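Remarks on the overall topology
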Amino acid sequence: MTRERFASAQPRAPHPIPAQQASAAAQQASAAAQQSEPRQSSARRSSSPGPRAVWTAPQPSGPVRANVSLPGSKSLTNRYLLAAALGEEPAVIRRPLISRDTALMAQALAAMGARVEGDGAAIVVTPGPLRGARIDVGLAGTVMRFVPPIALFARGDVVFDGDEAARTRPIAPLVRALEQLGGQIAHSTSASGQAALPMTVKGKGAVAGGTVEIDASGSSQFVSALLLAAPRMEKGLDIRHTGRRIPSAPHIAMTVDVLREAGIAVRAIDGSGRSGGLSPSVEPPPGNGSAARGGLGAEPAEPPGSPTRWTVEPGIPRIGDVTVEPDLSNAGPFLAAAMATGGETILDWPDSRQPGSAYRELFEAMGARTRAADGRLALCGPATIGPIDADMHDVGELVPTVAAVAAFADGPSALRNIGQLRGHETDRLAALVAELTKVGAKAQIEGDDLLIEPGPPRPATIETYADHRMATFGAILGLRIPGLRVANVETTAKTFPQFVDMWEDLAAGAEDVAPAPLGDIFGHAGLEA
């Protein structure tokens, strides 16, 4: 049951913001931040765990039934922030995500010369000449990969470093691409001999552009990083992917949409001339409890129509006044709660490029019933969860959530072609196998596939490896495993500071579950991972 979930977003004409209006918006955002109640840095109530605490995941007394409001999309927030900083006029970004990752992006752009101010209601970005700076990327892939290309435009050296785990995340293909563009980059070297953080990009002030080749088979962020910087290059940029199939392709389509909305001419090109489909390939298992196994571990082929080349014309991005979509990746745990408990979750559901929009199809394949109307989605969990066999190469970030639900299925599941998860915040494939095994499932890796065979559940302490998705994975398991605990659950602050409070409200039977408003965006850059 494969569907097209990533329909092309409607082009939006840019809305320039007069300086006076932008200033007023900034003052309103600043005033709101000053008037907000003092909060702990993790935005949790006093009942929530302190730093590095072990959290006992709550268990509901019955099926969950809730209307859930979600914070804004991290992926869109950080793309809008960076594109706005490359413009020539103030931009207003409404309903942004406030989290560690977005705070680190705002902090990086401010250090390099942009003016960034605001809170969860709105952020105002006023561009300025880019200068040398020291950038803390934390563990944010969008910061460590999106910002180095624009560092070439700076007057001065830009130094990048981050959390210890960030020093193991892949950046070598991006470094080689920047060197093709004339960049001078000094970097550390990983144990495998690849470029790694910390690194220094020598600002050139201007970049000619032209043609660049890159192997983006390790991360779609390499392409998105070049796309976002391309409009400010003198000749634009012709980006050509040279490797195997690119993972998480919807994120590239999202970047292209953001640029087009900002008035930038972008072409996505493939060998066939057809537009590529970005929906995951989902095969419902035949019969009850019997998972299809054909093709496990097979080399992922490039689907017909998938872009492998992008051309960007030079221009000035004009973000104007935008509203960020709800974060559909963060919708996953709440939809999973309905799956695991046989309950119902209702939440905002825009027609979106976000990979999270694939949750609907994936959970339908596992037995969910859904209905969508007026920008809302209702998902009803099944009495018995069915197993799944799915190619998740394009939506790898959804794997921990789907794997948690698969642990309660009535048969074995296979999540395929997800080798890129080895280079995420942690080696997610190894982490998922280790943690699923703790709770009684039989999990193993075959090639780039994760195989899960449910077993009698048992309580355990789930390690999170400084990975926000592993923390929410543990919370989902705790819905049906009494006494399950999650170490370092506060790592969810990376993309969802209010997660613990909202999850506890959901488990307690709240009918309406919503994130508490957060204050000034810069108050969240220092949150521990």
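Residues numbered from 1 in each chain as written. Predicted model: local features only at pLDDT ≥ 70, side-chain atom pairs only at ≥ 80, totals over all residues. Heavy atoms only, no water.

Looking at the overall build of the protein chain
How we decide: Each helix is a run of DSSP H or I of at least 4 residues and each strand a run of E of at least 2, with the numbering of both proceeding from the N terminus. For each residue, the accessible area found with a 1.4 Å probe, counting protein chains only, is set against the maximum for its type, and the residue is called buried under 20%, exposed over 50%, and partly exposed in between. We call two residues in contact whenever any of their non-hydrogen atoms come within 4.5 Å of each other. Only the protein chains shown count as cover for residues, and the accessible areas themselves come from Shrake-Rupley with a 1.4 Å probe.
Within the protein chain one finds 13 helices and 25 strands. Going through the 529 residues of the protein chain one by one, you find that 60% of them count as buried. For the protein chain, the share of sequence-separated contacts (at least 6 apart) that also reach a separation of at least 24 residues comes to 79%. Of the roughly 18,800 Å² that the protein chain leaves accessible, carbon and sulfur atoms contribute 47%.

Things to note about helix α2 (residues 74-85)
Selection rule: Multiplying 1.5 Å by the residue count of a helix minus one yields the expected span of that helix. A 3.5 Å cut-off defines polar contacts: any pair of N or O atoms within that distance qualifies, except that in protein one atom must be a possible hydrogen donor and the other a possible acceptor, and neighbouring residues in sequence count only when both atoms are side-chain atoms.
For α2, with twelve residues, the first-to-last C-alpha span of 17 Å sits near the 16 Å given by 1.5 Å per residue. Counting buried residues in α2 gives twelve out of twelve residues, a clear majority hidden from the surface. Within α2, the full set of buried residues consists of K74, S75, L76, T77, N78, R79, Y80, L81, L82, A83, A84 and A85. Between the side-chain oxygen of the N-cap and the backbone nitrogen of S75 there are 3.3 Å, and the N-cap of α2 in question is S73.

Describing the nonpolar core
As a rule of thumb, soluble globular proteins bury nonpolar side chains together. What counts is decided by this rule: The set of buried Ala, Val, Leu, Ile, Met, Phe, Trp, Tyr and Cys residues whose side-chain atoms join them within 4.5 Å is what this entry labels a nonpolar core.
Core analysis: the largest hydrophobic core is formed by 83 residues, its most contacted members being M112, F160, L226 and L227. Sequence-distant contacts of F160, that is, excluding residues within four places in its chain, are made with I135, V137, V147, P148, A151, L197, P198, M199 and V201. Judged by nonpolar contacts, the second largest core, of 74 residues, contains L328, A338, A358 and A431.

Some thoughts on unusual backbone geometry
In this structure, P198 follows L197 across a cis peptide bond, with omega equal to -5°. Tracing the sequence through the fold places P198 in strand β9 (residues 195-202). A positive phi angle, close to 55°, is found at D374, a residue other than glycine. Within the secondary structure, D374 is located in the loop between β17 (369-373) and β18 (376-380). Phi is positive for A466, close to 55°, though the residue is something other than glycine. Mapped onto the fold, A466 is located in the loop between β23 (461-462) and α12 (468-478).

Points about the pattern of salt bridges
Put simply, the rule reads: By definition here, a salt bridge exists when the distance from a side-chain nitrogen of Lys or Arg to a carboxyl oxygen of Asp or Glu is within 4 Å.
Overall, the coordinates contain 22 salt bridges when judged by the stated rule. K202 is the partner of D157 in a salt bridge, and the nearest nitrogen-oxygen pair spans 3.9 Å. Here D157, found in strand β7 (residues 155-161), pairs with K202, found in strand β9; they are 45 residues apart in sequence, far enough to count as distant. When the shortest N-O distance is used, the salt bridge between D467 and R428 registers 2.7 Å. Of this pair, D467 sits in the loop between β23 and α12 while R428 sits in helix α11 (residues 428-438), and the two are 39 residues apart along the sequence. Residue class for R428 comes out buried when judged on its relative accessible area of 2%.

A look at the sheet that holds strand β8 (residues 184-189)
For the record, the criterion: By this definition, two strands are paired if DSSP reports at least two bridges between them. Fitted lines through C-alpha atoms give the axes, limited to the stretch in contact for helices. The angle between two N-to-C directions lies from 0 to 180 degrees.
As summarised here, the arrangement of the four strands in space is β6-β7-β9-β8, forming an open sheet in which the pairing is mixed. Looking at which strands have only one partner, the edges of the open sheet turn out to be β6 (131-136) and β8. Along the sheet, successive strands turn relative to each other by an average axial angle of 15°, direction set aside. Relative to β9, β7 is paired through four bridges, and the arrangement is antiparallel. Residue pairing in the sheet places V159 in a bridge with T200 of β9.

Quick notes on the sheet that holds strand β1 (residues 54-56)
Here we have three strands laid out as an open sheet, ordered β1-β24-β23, and mixed in their pairing. Of all the strands in the sheet, just β1 and β23 have a single pairing partner and so form its edges. Both β1 and strand β24 (residues 485-487) contribute to a ladder of three bridges, which runs antiparallel. Residue pairing in the sheet places W55 in a bridge with V486 of β24.

A short note on the packing of α11 against α12
Between two packed helices, what matters for the description is the angle formed by their axes and the separation of those axes. Condition: By definition in this entry, angles of less than 35 degrees are roughly parallel, angles greater than 145 are roughly antiparallel, angles of 65 to 115 are roughly perpendicular, and the rest are oblique. By convention the crossing between two helices is left-handed if the near helix lies anticlockwise of the far one by an angle smaller than a right angle, and right-handed if it lies clockwise. Residue type decides the class: Asp, Glu, Lys and Arg count as charged, Ala, Val, Leu, Ile, Met, Phe, Trp, Tyr, Cys and Pro as nonpolar, and the leftover types, Gly among them, as polar.
The interhelical angle for the contact between α11 and α12, taken along N-to-C directions, is 25°, at an axis separation of 11 Å. Considering their axes alone, α11 and α12 lie roughly parallel with respect to each other. Note on packing geometry: the crossing formed by α11 with α12 is right-handed. Listed contacts from α12 to R428, A431, L432, E435 and L436 of α11 are H468, R469, M470 and F473. For the contact of α11 with α12, the residue count by class is five nonpolar, one polar and three charged.

Considering the pairing of strand β21 (residues 442-446)
One ladder, built from five bridges, connects β21 with strand β22 (residues 449-453); its direction is antiparallel. Opposite E446, over in β22, you have D449 as the bridge partner. Here β21 hands over to β22 after two residues, with G447 in that stretch at a positive phi of 65°.

A closer look at the packing of aromatic side chains
As a reminder of what qualifies: Pairing of aromatic rings covers Phe, Tyr and the six-membered ring of Trp, with a centre-to-centre limit of 6.5 Å; geometry is then stacked below 30 degrees between planes, edge-to-face above 60, and tilted otherwise.
Summed over all chains, the structure comprises six aromatic pairs. Clustering of aromatic rings is evident, with ring pairs tying together F334, F496, F499 and W503.

Some thoughts on empty space enclosed by the protein
Basically, it comes down to this: Using a 1 Å grid laid over the protein atoms alone, points where a 1.4 Å probe fits but cannot get out form a cavity; open sets with protein on both sides within 12 Å along at least 5 of 7 lines form a pocket; any residue with an atom within 4 Å of a point counts as lining. Grid points are joined across faces, edges and corners, and a volume is the space filled by probe spheres set on the points.
If you walk through the whole model with that rule in mind, you get one cavity of 30 Å³ or more. Lining the largest cavity are 32 residues; nearest its centre among them are K74, Q221, H251, E397 and H424. The set of elements that each furnish at least two residues to the lining of the largest cavity consists of α2, α4 (141-151), α7 (249-261) and α12. Residues belonging to the lining of the largest cavity are distributed by class as follows: four nonpolar, 17 polar and eleven charged.

Re the environment of G243
Mapped onto the elements of the fold, G243 is located in the loop between β11 (237-241) and α7. Exposure remark for G243: the relative accessible area of 31% places this residue in the partly exposed category.

With respect to the confidence of the model for the protein chain
Selection rule: A residue's pLDDT is simply how confident the predictor is in it, with values from 0 to 100.
This prediction gives the protein chain a mean pLDDT of 86; 83% of its residues lie at or above 70. For the stretch residues 1-23, pLDDT sits under 50, and the model shows 59 contacts to residues farther than four places along the chain or on other chains. For residues 274-302, every residue scores under 50 in pLDDT, and the model assigns this stretch 84 contacts once sequence neighbours within four places are set aside.

A look at the side chain of D101
Looking at where D101 falls in the secondary structure, it is placed in helix α3 (residues 100-111). In contact with D101, other than residues within four places in its own chain, are K74, N78, A140, V143, K494 and T495.

Quick look at the environment of E164
Counting through the fold element by element, E164 comes out in the loop between β7 and α5 (172-180). Between the C-alpha atoms of E164 and G138, which are 26 residues apart in sequence, the distance is 8.6 Å.

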